[in-house]
Amino acid sequence: MIQLELVNKWYGPYHALVDVSERVASNEVVVVCGPSGSGKSTLIRTLNRLEGIDGGRITIDGSDIHARAGDVNALRAGIGFVFQHFNLFPHLTALENCMLAPVNLKRASKADARAHALDLLDDVGLAHKAGAYPHELSGGQQQRVAIARALAMRPPVMLFDEPTSALDPEMVGEVLGVMRKLAGQGMTMVVVTHEMGFARDVADRVLFMSEGRILEQGKPDDFFTHPTHPRARQFLQDRGGR
């Protein structure tokens, strides 16, 4: 589903991504972890062209994401992205947030978009909040609406950039619960997160990054039980093995 080949990204003199090559299969859940500044968020943002790249190639479902001739809006419409800070439209209800893109980008009828949006809000446990505005929702509820909104475009892949880091601790579980459900349904997912419990329980593979490089990748049992790279061992030790 996703293939990265020798991807490089610079911010001036800072080399943020260094020769990153990796593949994500269809229906695979991959968690990307590592210390702050390791390149995790930069990496995931290159997957839907929120960040450009300075070398290499990224394809998703056979399409070259950074091809100059590509339609950026059409490309992003086919990739679900969930941000750290929700990014809901404050003047729209939860239902309207979920209907907006299908109606305007996919030319879905309002009736079809409404029915699908209500189904998605029900899936994330928020059908009763369809008429609520973002300021009337908790952080966890806003993030669940953001997930429903991303799913409204029926994407083949979902990207999550630290989706729980802006939440109060008691709200983290409700968002992770929705993500676990998606994984169980076979959604292809790339998740940048510090939630090691989620990585251990849900991921098919864990990627560990440091200084712009993927230093280790493997199944959760292998990564958490006997990481091979010294930096990965130190990362897990610093987090108490969580």
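Residues numbered from 1 in each chain as written. Predicted model: local features only at pLDDT ≥ 70, side-chain atom pairs only at ≥ 80, totals over all residues. Heavy atoms only, no water.

1. Some points on the overall build of the chain
Formally: Think of it this way: any DSSP run of H or I at least four residues long counts as a helix, any run of E at least two long counts as a strand, and we number them from the N terminus. Values of the radius of gyration come from C-alpha atoms, whereas the globule rule sets the reference at 2.2 Å times the count of residues to the power 0.38. For every residue, the accessible area (1.4 Å probe, protein chains only) is compared with the maximum for its type, and the residue is labelled buried under 20%, exposed over 50%, or partly exposed between those bounds. Working rule for contacts: check all heavy atoms of both residues, and any pair within 4.5 Å makes them a contact. Accessible areas in this description were obtained via Shrake-Rupley with a 1.4 Å probe; residue shielding takes into account the shown protein chains only. The convention is simple: Lys and Arg are positive, Asp and Glu are negative, and His and the chain ends are not counted. For the purpose of locating charges, the reference atoms are NZ of Lys, CZ of Arg, CG of Asp and CD of Glu.
A count of helical and extended segments in the chain gives 9 helices and 10 strands. For 242 residues, the compact-globule formula gives about 18 Å, and the C-alpha radius of gyration of the chain, at 18 Å, lands near that figure. Each principal axis of the C-alpha atoms in the chain carries an extent, and together these give about 55 × 45 × 30 Å. Here the chain, with 242 residues, has 51% of them falling under the buried criterion. Long-range pairs, those at least 24 residues apart, make up 64% of the contacts in the chain between residues at least 6 apart in sequence. Just so you have it, the chain exposes about 11200 Å², and 48% of that area is on carbon and sulfur atoms. Distance from the positive charge centre (26 side chains) to the negative charge centre (28 side chains) of the chain: 3 Å.

2. With respect to the sheet that holds strand β3 (residues 29-33)
Using the following cut-off: At least two bridges found by DSSP between two strands are what make those strands a pair. Here the axes come from fitting lines to C-alpha atoms, over the contacting stretch only for helices, and the angles between their N-to-C directions go from 0 to 180 degrees.
In space, the 6 strands of this open sheet follow the order β6-β7-β8-β3-β9-β10, with mixed pairing throughout. Taken across any chain shown, the strands that pair with only one partner, and hence form the sheet edges, are β6 (80-82) and β10 (213-218). Strand-to-strand twist of the sheet, defined as the mean angle between neighbouring strand axes without regard to direction, takes the value 15°. Set on the sheet, helix α5 (residues 139-151) makes contact with β6 and β7 (157-161); between it and β6 the angle comes to about 165°. Helix-sheet contacts for helix α6 (residues 169-184) involve β3, β7 and β8 (188-192), and the interaxial angle to β8 is about 145°.

3. Focus: the pattern of salt bridges
Basically, it comes down to this: Salt bridges are defined by distance alone: a side-chain nitrogen of Lys or Arg within 4 Å of a carboxyl oxygen of Asp or Glu.
Taken as a whole and judged by the stated rule, the model has 9 salt bridges. For Arg205, the salt bridge identified is with Glu28, shortest N-O distance 2.6 Å. Here Arg205 is found in strand β9 (residues 205-210), whereas its partner Glu28 is found in the loop between β2 (14-24) and β3, with 177 residues between them in sequence. Taken individually, Arg205 and Glu28 each receive the classification buried, so the pair is uniform in this respect.

4. Considerations on the pairing of β10
Bridge count for β9 against β10 is 5 bridges, and the pairing is antiparallel. What sits directly across from Leu207, in β10, is Gln217. Linking two consecutive strands that pair antiparallel, namely β9 and β10, is a turn of 2 residues; a positive phi of about 50° is found at Glu211 within it.

5. Some details on the packing of aromatic side chains
Where we set the bar: Ring geometry is summarised as follows: Phe, Tyr and Trp rings, the Trp one being its six-membered ring, pair when their centres sit within 6.5 Å, and such pairs are stacked at plane angles under 30 degrees, edge-to-face over 60 and tilted between the two. Note on geometry: a ring has a charge over it if NZ (lysine) or CZ (arginine) is within 6 Å of the ring centre and within 35 degrees of the ring normal.
Scanning the entire structure with this criterion turns up 4 aromatic pairs. Measuring from centroid to centroid gives 5.4 Å for Phe208 and Phe235, while their planes differ by 50°, and the two rings are tilted. Placement of the pair is Phe208 in strand β9 and Phe235 in helix α9 (residues 230-238), with a sequence separation of 27 residues. Relative accessible area serves as the criterion here: at 1%, Phe208 is assigned to the buried category. Under the relative-accessibility criterion, Phe235 is labelled buried at 8%. Cluster of aromatic residues (ring-pair linked, three or more members): Phe208, Phe223, Phe224 and Phe235. Positioned above the aromatic ring of Phe224, the side-chain terminus of Arg200 is 4.4 Å from the ring centre.

6. Looking at unusual backbone geometry
The backbone of Leu6 shows a phi angle near 50°, a positive value even though the residue is not glycine. At Arg107, a position not held by glycine, the phi torsion is positive, near 55°.

7. Description of the environment of Ser41
With respect to the helices, strands and loops of the structure, Ser41 is situated in helix α1 (residues 40-46). For the pair Ser41 and Gln141, spaced 100 residues apart in sequence, the C-alpha separation works out to 23 Å. Sequence-distant contacts of Ser41, defined by excluding residues within four places in its chain, comprise Asp161, Glu162 and Val192.

8. With respect to the sheet that holds β2
Strand order in the open sheet made by the 4 strands is β2-β1-β4-β5, with antiparallel pairing throughout. Two strands bound the open sheet, and with one partner strand each, they are β2 and β5 (63-64). Looking at chain direction, strand β1 (residues 2-11) and strand β4 (residues 55-60) are connected through 5 bridges and run antiparallel. Within β4, the residue paired with Asn8 across the bridge is Gly55.

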